[in-house]
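# Structural characterization, general
As a plain string of letters, each chain reads:
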Amino acid sequence: MAVPLYLLILLVGVLCGESKFMVYNTSQSIVPGKLNVHLVPHTHDDVGWLKTVDQYYVGSNNSIQGACVQNVLDSVVPALLADKNRKFIYVEQAFFQRWWRDQSETVQSTVKQLVSSGQLELINGGMCMHDEAVPHYIDMIDQTTLGHRFIKEEFGITPRIGWQIDPFGHSAVQAYLLGAEVGFDSLFFGRIDYQDRAKRKAEKSLEVVWRGSKSLSSSAQIFAGAFPENYEPPKGFYFEVNDDSPVVQDDRNLFDYNVQDRVNDFVAAALSQANITRTNHIMWTMGTDFKYQYAHTWFRQMDKLIHYVNQDGRINALYSTPSIYTDAKYATNGSWPIKTKDFFPYADRVNAYWTGYFTSRPALKGYVRMMSGYYLAARQLEFFNGRSKSGPNTDSLGDALAIAQHHDAVSGTEKQHVADDYAKRLSIGYKEAEDLVAESLACLASKTGCQNAVTKFQQCPLLNISYCPPSEIDLSSGKKLVVVVYNSLGWTREDVLRIPVIDENVTVWDSSGQEIESQIIPISNGSLGIRNYYSAAYLGKAPSLSPAYWLAFSASVPPLGFSTYTISSAKRTAAASKRQTFYKSRGNKNDIVEVGPGNLKLVYSGNEGELTRYINNKRSVNASVQQSYSFYLAHDGSTDLEPQAAGAYIFRPNGSFSIKSERQQTLQVPLTVYRGPILDEVHQTINSWIYQITRVYKGKEHAEVEFTVGPIPIDDGIGKEIVTRISTNIKSNKTFYTDSSGRDFIERIRDYRADWSLQVNQPVAGNYYPINLGIYMKDTNTELSILVDRSVGGSSIVDGQVELMLHRRLLHDDSRGVAEALNETVCVHDECTGLTIQGKYYLRVDPQGEAAKWRRSFGQQIYSPFLLAFAEQDGDKWESSHVPTFSGVDASYSLPENVAMITLQELQDGKVLLRLAHLYEIEEDQDLSVMASVELKKLFPNKTISKISEMSLSANQERAEMLKKRLVWKVEGSNDVEPTVLRGRPIDPSELVVELAPMEIRTFSIDFNYKSSTSESKVD
C-alpha cells in the first residue's frame, strides 16, 4: 500500500529531529501595571473524613479513596528542589509531623532550607484545619498552639496566614481570635453562602477587612478573602495524574500542539477573575483534596504556563504563596470593605443549608466537650504536681483533642468508622490523663509527700450513664468512700454532686468532718436500662450489679483546688426521710404541681403533665413558659429537579410534627416528682424513646433539663431530626442571640442577612445557627437564656420561642462527599439499635439586662465541671495521712468573677503557659464589662516568677514583636484615626498584675524560680 507523502515527511522529521532540553523561565516576580496571577500550589488534606487520619497518611484503605499524604510530601520536596522558583504551601500539622518523624537528618535539613528560603511555606499551622461552627474556642486555641509550637521549635518561624479553606461557614472568633490574635496578617477561606458570594462578586467585595469582635474592634481586625468559587483551580487547570484538563503540549514535533490555546484559556480565566477582584493581583489556588501525590505533573504544567503566559505578555503569572499575595495587596495601599459578625449559616445552593452538622453525631460532640474540660483540669494538676519526664502526661489527650477539632471530625460529617477512630483516640488519651490525674491528686493529698503517696484514686468516665463502680460499693462492713472533688475554676464554687450508690442508708461528711445534708433519689428504670446496655457496648460486658439510688449532696470547693467528702453507711434519720417525698399526679383537671425547694419554682399542669410557669420571686419573675418536643421529617430530595436530601451536612426538613407525651395520649402515665431538701426532680415519659428529667436545685436559679432521646424510630423509612421547643410570651420581634464558638454573642434576625437581601427558600434550615455556649432572646422586660452542654443547632423560628435540635437519624446521603447516611447505631452481641443520646440544657428567665452574669459564670461551670476521684477507706486512717483541702492560689484570693483561666500548663522545657480570658463583652453587663485585674503573686503564692513574657495567643512569638509586624489595613469610609480600643496595660515586672479588658485573652510564658522565693521577677 502506498504511503502518503506528508506522512513520510513527518516521519523523517521525527527521526532526524534534534533532541532539545527545554528550560522554562519561572523566575518572574510581580510586575507593576499588569494583572498578576499568583499561582499558589497547595493540597488540602483532611485529618480524617472518608478514611482515618492514619489511613490517609499511609495510603491504606484505598477502596474508599485513593489518597496518601505520605506520597504528597515525599513528592513535593524533590519537585521544589528541581526549581528554586517553585513554591508550595502546607497546612495540616497532624500529617506533617508524622512525615517529619519518618525523615532522615539529611532530608530534614533540606526541608528546613526550603522553609527558610520561602519555597515551602507552613501556613495556618494548627494540627488540623479546625471547624468553625462546633468547636469551643478553647479547643481551637489549644490545637493551633500545638501546631505552632512544633513549627517554632523545628523551623524557628511563625505562620503568617490563616487558611480555613474548607470549613462550612466561618466564625467571628476565627477572624479576631484565631486570626489577628495569633499574629496572622490575612485569612483566606472557600465557603460562603451562594447568595452572599454572588453579591460580593458583583461588588468586588470578596476581600474585606473583617472585624469579628465588637469589643476589640479594629485592634483585632484582619484582611480576609473568600475565593471566587472554592479552593480549587479554575476549570481546565487541574493537573493531577489522570485529571482531564488539557496539558500544555509544547513539542512541535508531536501532535496536538496547543500552547497558544492554553495561554488564551489562562488569560481568559484570569481576566474573568480580575473583573470581580480589586487591585491587579488575583490568586489561583492550584490544588485541592489530597493532590500532588505525584507533584511533578502539577509543576511541569505550571512551569510551562508561567513561561508561555509571560512570553505572551498580556498578563503576568508567577509562583506565589498567600504571604506574597497578602503583601502585594497591602502594597497597593487601598481601602477595603468592612465585614462584621460572621459567615453563618452557609448554603452552597437553593435548599442546601449546611446547618444539620451543627447537631450531627451528638454523642461525639458531647465526648469531645467532656474531654476538653477534663484536659484543662488535668493540665492544671500536672502543673501543681510537676510534669513527669517518664510518667503519664496529658500529651496524648491533647493530640487526640486537636485532631478531633478537624472540620470533618467533631462536625459529625465523617464516615462512621472514622468517627469511631476519633473516639478511640480520645479514649486512649483520656486513659493516660486519668492516670496522671490520679497520681497528681494522690501526691497533693498526701501529708507525707509524693514519694509516699499510695492512694489509688479511681474515676468514672461513664458517670453520665450512672455507671461508676468506685461509688457502687458495699459500705455496710465499715468501709468509707472518699470523694475528692477538684475545681478547675479560679473562684470558689458550690455545686450539687450526684453519684450512684447501692444503699440508701448512707451519710456524707465534709472536709472538716461535719455531717452535711444529703438526699437519696431512686434511679429510674430507663436510666438503668441505658446504663446496662451502653456499659456493655463500651466495656464488652454488662455490669454485675446495678445501683438503686442517686446520692446528692452539695460540695464547696476552693479555686484551683479540691475538697474531700466521705460517705459512710448510716441509717437515715426519720427527719431526713420525711424531707424526701415522692409524688405522682393523677390527671385531675385542676391539679397544679409546683416544684423547687428554693427561690425558683416551676409550675406544671397536673392534667396535661406540662410545664406552664417559671416563677422566681427573688427576681420578680413570673413568666409563662412551655416546653415540648417535635421532629422534622428529613427530606429525601426525590421531588427535586436537582435532588437534595437531608444528610450529615444538610438540614432540609419536610414538615414538622409535634410529639405528644404518652400521658397526653393515654391519660394513664403520671407526672412523677421527687422532692427533697437539695433538689426536686420531675420525671416525664414523653414517649417510648424520649424521657426527660427536670431538676430544680435549692441554691440555683435555673432549671436543668436532662433529656434521653433514642433510638429514633425509622420503621416508616423516613429519617427524623428531634427538637425541643421552649415557648414564652417574650416579644422577640424575630431577634435572638447565639454565641460564636463559645465566646461573643451575635445578634440574629430571622429571615435576614445584614450583608445582602436574603431570598428565603428554607425558612427553618436557613435560620439555624451553631450553639456552643447558649442562645437567648429578650424584650423590654424579660430575657430567656438557654445554655447547652455540647454543640447543637438552634434557632427562633417563632417569636417568643427557642428550639434546639438534639438528635438526628437519617436514611439518605446528602451528596456532599461522605457517601453514607447519618444512621448511627450501637451494637451489643451483634444486635444493633439506633443510637440513644443523653444530654442536658439549662434554662433561666431573668429581668431584662440581668442575665449575662448567669450565662457567663454558669457557662464556665458547664465547660469545667467538677472532677471527681474516688478511694476506699478502712477506719479513720485517711484523716491522719491526707490533707482534706487544697488550693493552688493564695488562701485569701480568687480570680475576679469576670475572668477565667483557660490554660495553665507546664511545657516540656519547664516553662509554664498561662492564659487568662475576660468573659464579658463591652456593654454586656453593667458591673462586669469592665477592666479586670489578676494578681499573679497571689495566683502562684508558693512560687516566684523569675521571668514572664507576654505572647501571641498561640504562644509562638512575643506579643510586642507580633504587633510591630502587624499589617494595618485601611477600611472604606473611615478616617485614618480609629477609636481607641480598651486593652490591658503591659505587665509591670514588680507588681505582676495582669489587666484584661472586655473579651481580651492574654497569654504568658512564665519561668518560675523554684529554689528561691525572694528573687526579683523580670518581665519580657
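Worth saying up front: this structure is predicted, and the values here are computed from it rather than measured.

A few words now on the environment of Asp250. Turning to its location among the elements, Asp250 is positioned in the loop between strand E7 (222–226) and helix H9 (259–274). Look at Asp250 and you get buried, because its relative accessible area is 16%. On a C-alpha basis, the gap between Asp250 and Leu475 in space is 86 Å, while along the polypeptide they are 225 residues apart. Discounting chain neighbours no more than four positions away, the residues touching Asp250 are Tyr24, Tyr257, Val259, Lys304 and Tyr308.

With that settled, the discussion passes to the environment of Leu489. One can find Leu489 in the loop between strand E12 (479–487) and strand E13 (493–501). Leu489 sits in the buried class, given a relative accessible area of 4%. Placed 112 residues apart in sequence, Leu489 and Ala377 show a C-alpha to C-alpha distance of 8.7 Å. Once residues lying within four places of it in the same chain are set aside, the contact partners of Leu489 are Pro559, Leu560, Gln860, Gln861 and Ser864.

Looking at the chain as a whole, the pLDDT averages 93, with 94% of positions reaching at least 70. Scored below 50 in pLDDT, residues 5–19 makes 3 contacts in the model with residues more than four places away or belonging to other chains. In this model, residues 1012–1020 is a region of pLDDT below 50 whose contacts with residues beyond four sequence positions or in other chains number 24 contacts.

To continue, consider the state of the cysteines. Counted under the stated rule, the structure contains 2 disulfides. Two residues, Cys460 and Cys468, share a disulfide whose sulfurs are 2.0 Å apart. On the sign convention where negative means left-handed, the S-S torsion of about 60° between Cys460 and Cys468 marks this disulfide as right-handed. For Cys460, a relative accessible area of 13% gives the class buried. The disulfide bridge from Cys827 ends at Cys832, spanning 1.9 Å between sulfur atoms. On the sign convention where negative means left-handed, the S-S torsion of about 105° between Cys827 and Cys832 marks this disulfide as right-handed. Look at Cys827 and you get partly exposed, because its relative accessible area is 40%. Residue class for Cys832 comes out partly exposed when judged on its relative accessible area of 48%. Summary of cysteine pairing: Cys68 is not part of a disulfide, and the nearest cysteine sulfur, belonging to Cys128, is at 20 Å. Owing to a relative accessible area of 6%, Cys68 belongs among the buried residues under this scheme. With a relative accessible area of 1%, Cys128 lands in the buried category.

Below, the discussion takes up the pairing of E12. Along E12, 7 of the 9 residues are buried, which leaves the element largely enclosed by surrounding structure. In this sheet, strand E40 (residues 867–874) lies alongside E12 in antiparallel orientation, the contact comprising 8 bridges. Bridge assignment links Val485 to a residue of E40, and that residue is Leu868. Both E12 and strand E18 (residues 561–569) contribute to a ladder of 8 bridges, which runs antiparallel. Within E18, the position partnered with Val484 by the bridge is Thr564.

Under the definition given, this model contains 56 aromatic pairs. Centroid distance Phe168 to Tyr357: 5.1 Å. Interplanar angle 90°. Geometry classified as edge-to-face. Within this pair, whereas Phe168 is found in the loop between strand E4 (161–164) and helix H7 (172–176), its partner Tyr357 is found in the loop between strand E11 (338–340) and helix H12 (362–385), the two being separated by 189 residues in sequence. Each residue in the set Phe88, Phe237, Phe239, Phe266, Trp284, Tyr292, Trp298, Phe299 and Tyr319 is aromatic and connected to the rest through ring pairs, giving one cluster. If you follow Arg262 out to its NZ or CZ, it ends over the ring of Phe237, 4.5 Å from the centre.

A few words now on the packing of helix H6 (residues 137–155) against H12. Angle between the axes and distance between the axes: these two values describe a pair of packed helices. The contact between H6 and H12 brings their axes to 10 Å, and the two run at 65°. Regarding H6 and H12, the two cross each other, and that crossing is left-handed. Within the contact between the two elements, H6 uses Ile138, Asp139 and Asp142 and H12 uses Val368, Ser372, Tyr375, Leu376 and Arg379.

Once that is clear, we can look at unusual backbone geometry. Of note, the amide linkage connecting Phe344 to Pro345 takes the cis form, showing an omega dihedral of -10°. With respect to the helices and strands, the residue Pro345 is situated in the loop between E11 and H12. Even without being glycine, Ser466 reaches a positive phi, approximately 60°. Positionally, Ser466 belongs in the loop between helix H14 (416–445) and E12. Of the residues examined, Ser466 reaches a relative accessible area of 1% and is grouped as buried. For Met999, which is not glycine, the phi dihedral falls at a positive 70°. For Met999, the position within the fold is in the loop between strand E47 (993–996) and strand E48 (1001–1009). With relative accessibility at 0%, the residue Met999 sits in the buried group.

The next point concerns the sheet that holds strand E8 (residues 281–286). Across the sheet, 3 strands lie side by side as E8-E1-E9; this open sheet has parallel pairing. Across the chains shown, the open sheet's two edge strands, defined by having one partner strand only, are E8 and strand E9 (316–319). Geometrically, the sheet is characterised by an average inter-axis angle of 25° between neighbouring strands, direction not taken into account. Examined bridge by bridge, strand E1 (residues 36–41) and E9 share 4 bridges and lie parallel to one another. Bridged to Val37 within E9 is Ala317. Here H9 sits on the sheet and contacts E1, E8 and E9; the angle it forms with E8, its principal contact strand, is near 120°. Packing of helix H10 (residues 296–312) onto the sheet brings it into contact with E1, E8 and E9, and relative to E9 it is tilted by some 150°.

Following both chains from N to C, one finds H12 and H14 inclined at 30°, their axes separated by 9 Å at the closest point. The angle between H12 and H14 falls in the class roughly parallel. At the point where H12 passes H14, the crossing takes the left-handed sense.

Before going further, it helps to spend a moment on the pairing of strand E43 (residues 912–918). Counting buried positions along E43 gives 7 out of 7 residues, so the element sits mostly inside the fold. The sheet contact formed by strand E42 (residues 899–906) and E43 spans 7 bridges and is antiparallel. In the sheet register, Leu904 faces E43, and the bridge partner there is Leu914. Here E43 runs beside E48; their pairing, made up of 6 bridges, is antiparallel. Bridge assignment links Leu913 to a residue of E48, and that residue is Ser1005.

Let's shift gears to the sheet that holds strand E28 (residues 703–709). Strands sit in the order E19-E25-E26-E27-E28-E39-E34-E33-E30-E31 across an open sheet of 10 strands; the sheet is antiparallel. Each edge of the sheet is formed by a strand with only one pairing partner; in this case those strands are strand E19 (581–584) and strand E31 (745–749). On average, each strand axis in the sheet is inclined to that of its neighbour by 20°, with strand direction left out of account. Here strand E30 (residues 735–739) runs beside E31; their pairing, made up of 5 bridges, is antiparallel.

This part covers helix H18 (residues 852–863). Counted at 1.5 Å a residue, the expected span for H18 with its 12 residues is 16 Å, and the 16 Å between its end C-alpha atoms agrees. Most of H18 sits out of view: 10 of its 12 residues are buried. Taken as a whole, H18 has its buried residues at Ala852, Trp854, Arg855, Arg856, Phe858, Gly859, Gln860, Gln861, Ile862 and Tyr863.

Below, the discussion takes up the side chain of Glu906. You can see Glu906 is positioned in strand E42. Arg387 is the oppositely charged side chain nearest to the buried, salt-bridge-free Glu906, at an N-O distance of 6.4 Å. In this structure the side chain of Glu906 is engaged in a polar contact, spanning 3.1 Å, whose partner is the backbone nitrogen of Arg387. Those residues within four positions of Glu906 in sequence are excluded, and the remaining contacts are Glu382, Phe383, Gly386, Arg387, Lys911 and Val912.

Definitions and cut-offs
Residues numbered from 1 in each chain as written. Predicted model: local features only at pLDDT ≥ 70, side-chain atom pairs only at ≥ 80, totals over all residues. Heavy atoms only, no water. Helix = DSSP H or I, 4+ residues; strand = E, 2+ residues; numbered from the N terminus. Buried < 20%, exposed > 50% of the residue type's maximum accessible area, 1.4 Å probe, protein only. Contact = heavy atoms within 4.5 Å. pLDDT = per-residue confidence, 0-100. Disulfide = S-S within 2.5 Å. Pairing = 2+ DSSP bridges. Phe/Tyr/Trp six-rings, centres within 6.5 Å; stacked < 30°, edge-to-face > 60°. Lys NZ or Arg CZ within 6 Å of the ring centre and 35° of its normal. Axes fitted to C-alpha atoms, helices over the stretch in contact; angles between N-to-C directions. Left-handed = near helix turned anticlockwise from the far one by under 90°. Parallel < 35°, antiparallel > 145°, perpendicular 65-115°, else oblique. Expected span 1.5 Å × (residues − 1). Lys, Arg positive; Asp, Glu negative; His and termini not counted. Salt bridge = Lys/Arg side-chain N within 4 Å of Asp/Glu carboxyl O. Polar contact = N/O pair within 3.5 Å; in protein donor to acceptor, adjacent residues only side chain to side chain.

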